[in-house]
Amino acid sequence: MIKKHQLPDLPFAFDALEPYMDAKTVEIHYGKHHQGYVDKLNLALEKYPKLFEKSIDELLGDLSKVPEDIRTAVRNAGGGHANHSLFWEILSPEKQSCSGKILSAIKKDFGSFEEFKKQFSDKSLALFGSGYVWLVVDNKTKKLEITCTGNQDTPLSIGKKPILVIDLWEHAYYLKYQNRRAEFVEAWWNLVNWAQVERLFSKS
Ligand code: MN
């Protein structure tokens, strides 16, 4: 039996991230944008039902194994699904501070938490067009790195394990912040679920 990809449950209510992320933005971002990527991914895979047996991480981890005629659709819609799944997963209504093993690793690889936050925010403001900024673990060196991707591309496709992400498509912030991306980025830091980032880091 074919198991289609599904929108993951949102781990909080639409209005739970107020005032940093408004309810309407979360509702549309999750229910329309993310759902749209899931639907388009399933539609593309229907031509090759065997591929439903692969996880989204597996599909994106080696796009060369995806048939050429649906590769772009899987890259865009599959990436959109995976990227948004992580984006929701690492948000929390309760303000958390970065601590434990992930804080130690950030200090080791960036010098200090403040320096990491500055580099991550700077890259988020500098990103041109639609895309994401990520904290990733390099699969070979096991070091933390900040990576940027355009459109719906994911670090999974270049041998990196993402553990934190900010969505910088305008749909992520336009209703509340309009063109003020810097305010959105600053607000977003209040929402990071560091306990979940630590869990993802420990598994990497
Ligand atoms: Mn988005």
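As a reminder, the structure under discussion sits directly above these lines.
Every value quoted in this text rests on a predicted model; they were computed, and no experiment measured them.

**Describing the coordination of the manganese ion**
The protein atoms that coordinate the manganese ion are His-29 (NE2), His-84 (NE2), Asp-167 (OD) and His-171 (NE2), at distances spanning 1.9 to 2.1 Å. Read N to C, the donor residues that coordinate the manganese ion are spaced as H-x54-H-x82-D-x3-H. Within this pair, whereas His-29 is found in helix H1 (residues 23-45), its partner Asp-167 is found in strand S3 (residues 160-167), the two being separated by 138 residues in sequence. Each member of the pair, His-29 together with Asp-167, is buried.

**Some remarks on the pairing of S3**
Taken across its eight residues, S3 has seven buried, putting it largely inside the fold. Alignment of strand S1 (residues 131-138) against S3, held across seven bridges, turns out to be antiparallel. Bridging across to S3, Tyr-132 finds its partner in Asp-167.

**Observations regarding the pattern of salt bridges**
Enumeration according to the criterion identifies 11 salt bridges in this entry. When the shortest N-O distance is used, the salt bridge between Asp-153 and Arg-75 registers 2.8 Å. One end of the pair, Asp-153, is in the loop between strand S2 (144-150) and S3; the other, Arg-75, is in helix H3 (residues 68-89), and 78 residues separate them in sequence. Among the charged side chains, a network of salt bridges with common partners joins Asp-138, Glu-145 and Lys-160.

**Looking at H1**
Over its 23 residues, H1 extends 32 Å from the first C-alpha to the last, a length consistent with the 33 Å expected when each residue adds 1.5 Å. Maximal helix bending in H1 amounts to about 30 degrees, located at His-29. Within H1 the residues assigned to the buried category are Ala-23, Thr-25, Val-26, His-29, Tyr-30, His-34, Tyr-37, Val-38, Leu-41, Asn-42, Ala-44 and Leu-45. For H1, the elements touching its buried residues are helix H2 (56-61), H3, S3 and helix H6 (174-177).

**Observations concerning the nonpolar core**
Nonpolar side chains tend to gather and get buried jointly when the protein is soluble and globular. Grouped together as the largest cluster of nonpolar side chains are 52 residues, with contacts concentrated most on Phe-116 and Trp-188. Ranked by residue count, the leading element in this core is S1, at six residues. A domain-level breakdown of this core finds at least three residues from each of domain 1 (23-89) and domain 2 (100-203). When residues no more than four places from it in sequence are discounted, the contact partners of Phe-116 are Ile-106, Phe-110, Leu-135, Ile-146, Leu-164, Trp-189 and Trp-194. Counting residues in each nonpolar core, the second largest holds 15 residues, with Leu-41, Phe-52, Leu-63 and Val-74 among its members.

The rules behind these values
- The numbering scheme is per chain: residues are counted from 1 as the chain's sequence reads.
- The predicted origin of the model limits local features to residues at a pLDDT of at least 70 and limits the giving and counting of side-chain atom pairs to 80 or more, whereas totals for whole chains, interfaces and linings rest on all residues.
- Heavy atoms from the whole structure form the basis of all side-chain values; hydrogens and water molecules are not counted.
- With water excluded from the atoms, a metal site may look incomplete; its donors are any N, O or S atoms within 2.8 Å, or within 3.2 Å for Na, K and Ca.
- In this description a helix means any DSSP run of H or I spanning at least four residues, a strand means any run of E spanning at least two, and both kinds are numbered starting from the N terminus.
- Between buried and exposed lies partly exposed: a residue is buried under 20% and exposed over 50% of the maximum accessible area for its type, with that area taken using a 1.4 Å probe on protein chains only.
- Between any two strands, pairing holds if DSSP finds at least two bridges.
- Throughout this description, the term salt bridge denotes a Lys or Arg side-chain nitrogen within 4 Å of a carboxyl oxygen of Asp or Glu.
- In this analysis, the expected span of each helix is defined as 1.5 Å times one less than the number of residues it contains.
- Note that bend, as reported per residue, equals the angle between axes fitted to the 7 residues terminating at that residue and the 7 residues originating from it.
- Residues are treated as being in contact if the distance between any of their heavy atoms lies within 4.5 Å.
- Only buried Ala, Val, Leu, Ile, Met, Phe, Trp, Tyr and Cys residues count toward a nonpolar core, and they belong to the same one when joined by side-chain atoms within 4.5 Å.
- Note that domain bounds follow an automatic or database assignment of domains.

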